[in-house]
Amino acid sequence: MELKGKVAIVTGGSSGIGKELAAQLAGEGALVTITGRNEEKVKQAAEQLGVNGLRSDVSKPEDVQQLFSTILEQHGKLDILVNNAGFGAGWAELGELNFDDMVNVYQTNVFGAAMAGQEAAKIFKQQRSGNIVNIGSTASLKGYAKGSIYASSKFALRGLSQCWQADLRPYNVRVMHINPSEVTTAFGTGNGVSRPEVENKLRPKEIADQIIAQLKMDDRGFVPEVTIWATNPW
Ligand SMILES: NC(=O)c1ccc[n+]([C@@H]2O[C@H](COP(=O)([O-])OP(=O)(O)OC[C@H]3O[C@@H](n4cnc5c(N)ncnc54)[C@H](OP(=O)(O)O)[C@@H]3O)[C@@H](O)[C@H]2O)c1
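Residues numbered from 1 in each chain as written. Predicted model: local features only at pLDDT ≥ 70, side-chain atom pairs only at ≥ 80, totals over all residues.

Before going further, it helps to examine the site of the ligand. Neighbouring residues of the ligand: 31 residues in total, closest Gly12, Gly16, Arg37, Asn38 and Gly86. Within the residue set of the shell around the ligand, elements represented by two or more residues are helix 1 (16-27), strand 2 (31-36) and helix 4 (99-127). At 3 residues, helix 1 tops the list of elements feeding residues into the shell around the ligand. Looking at the shell around the ligand residue by residue, the classes come out as 9 nonpolar, 18 polar and 4 charged. (Near = placed C-beta within 6 Å. Helix = DSSP H or I, 4+ residues; strand = E, 2+ residues; numbered from the N terminus. Nonpolar A, V, L, I, M, F, W, Y, C, P; charged D, E, K, R; others polar.)

The structure is reproduced here in structure tokens:
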């Protein structure tokens, strides 16, 4: 697909993987809107990248509705939804889980992605075209100690990706699930500040490069799932 002139939403595009992807999409000529919960952070990132920025919390149904109606008012169409907004919290062994943490993580990583996917699908089915990119994780593939909340949320997202592929291929809609391993971003820092790059660990660039290549593939084909590892992160 040619990216020039395509309308894209990147949820959680104010830092990390989403921000780099938004920059690359804009560099290809796409019309990009990024979102995030922190208005100042979204505004700053949008200005820096030369894209649209909207404060929008994907875990809030009213924010999701507002986001999609704004996009339709501004552009009259949508070509790409990137469900990137996500975080981890409540790392604990079974027996010590905090269910408020579990609800919070699921509200963004699972229900938020599903709500955005649902709004995008309504548009894509009418258009008979569109792309959804779900940012999973290697935690979508394998559980680990203290990972109950985050890993299960990313397993759920992977399940949604597979169901949406089955639902939407007949409408010419591509759904791609991306599993990055560790990337040096603000993920897990707890303060929203990105970690410095480390020579042998993945950067947001490796993830965005891969997604751009997948989107650029001719629409007759798509890569349903991809996992990205650092070569030697130890
Ligand atoms: N970094 C890694 O090692 C890694 C590995 C595999 C997968 N991932 C996944 O990659 C995605 C991006 O994470 P990242 O590493 O780039 O972390 P990041 O730098 O912390 O970026 C997360 C982005 O999501 C936004 N966000 C969080 N909750 C949101 C919500 N409810 N509504 C809207 N925006 C929200 C954040 O902004 P606000 O806080 O202002 O809302 C921020 O823009 C996540 O889904 C994460 O699970 C990360």
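And the narrative resumes.
Another point: the nonpolar core. Counting 54 residues, the largest nonpolar core has Ala8, Ala22 and Val32 as the members making the most contacts within it. Ranked by residues supplied to this core, first place goes to helix 4 with 7 residues. Leave out the neighbours within four places in its chain, and Ala22 touches Val10, Gly13, Val32, Ile34, Leu49 and Val51. (Core = buried A, V, L, I, M, F, W, Y, C linked by C-beta atoms within 7 Å. Buried ≥ 20, exposed ≤ 12 C-beta atoms within 10 Å, placed from the backbone. Contact = placed C-beta atoms within 7 Å.)

Our next topic: helix 5 (residues 148-168). Look at helix 5: 30 Å from first C-alpha to last across 21 residues, which is about the 30 Å you get at 1.5 Å a residue. Listed as buried for helix 5 are Ile149, Tyr150, Ser153, Lys154, Leu157, Leu160, Ser161, Trp164 and Leu168. Summarising the axial view, the buried residues of helix 5 lie within an arc of 120°, below the 170-degree limit, and thus occupy one face. Contacts from the buried residues of helix 5 go to helix 4, strand 5 (130-135) and strand 6 (173-180). (Expected span 1.5 Å × (residues − 1). Arc of directions from axis to C-beta.)

This part takes up the sheet that holds strand 7 (residues 225-228). Taken in spatial order, the 7 strands make up an open sheet running 3-2-1-4-5-6-7, and their pairing is parallel. Of all strands in the sheet, those with a lone pairing partner are strand 3 (52-55) and strand 7, marking the two edges. Between one strand and the next, the sheet's axes are offset by a mean angle of 15°, whatever the strand orientation. Where strand 1 (residues 7-10) and strand 4 (residues 80-83) come together, 3 bridges link them in parallel fashion. Within the sheet, the bridge partner assigned to Val10 lies in strand 4 and is Val82. Contacts from helix 2 (residues 39-49) reach strand 2 and strand 3, with the element oriented near 175° to strand 3. Sheet strands touched by helix 4: strand 4, strand 5 and strand 6. Its angle to strand 5, the strand with the most contacts, is close to 165°. (Pairing = 2+ DSSP bridges. Axes fitted to C-alpha atoms, helices over the stretch in contact; angles between N-to-C directions.)

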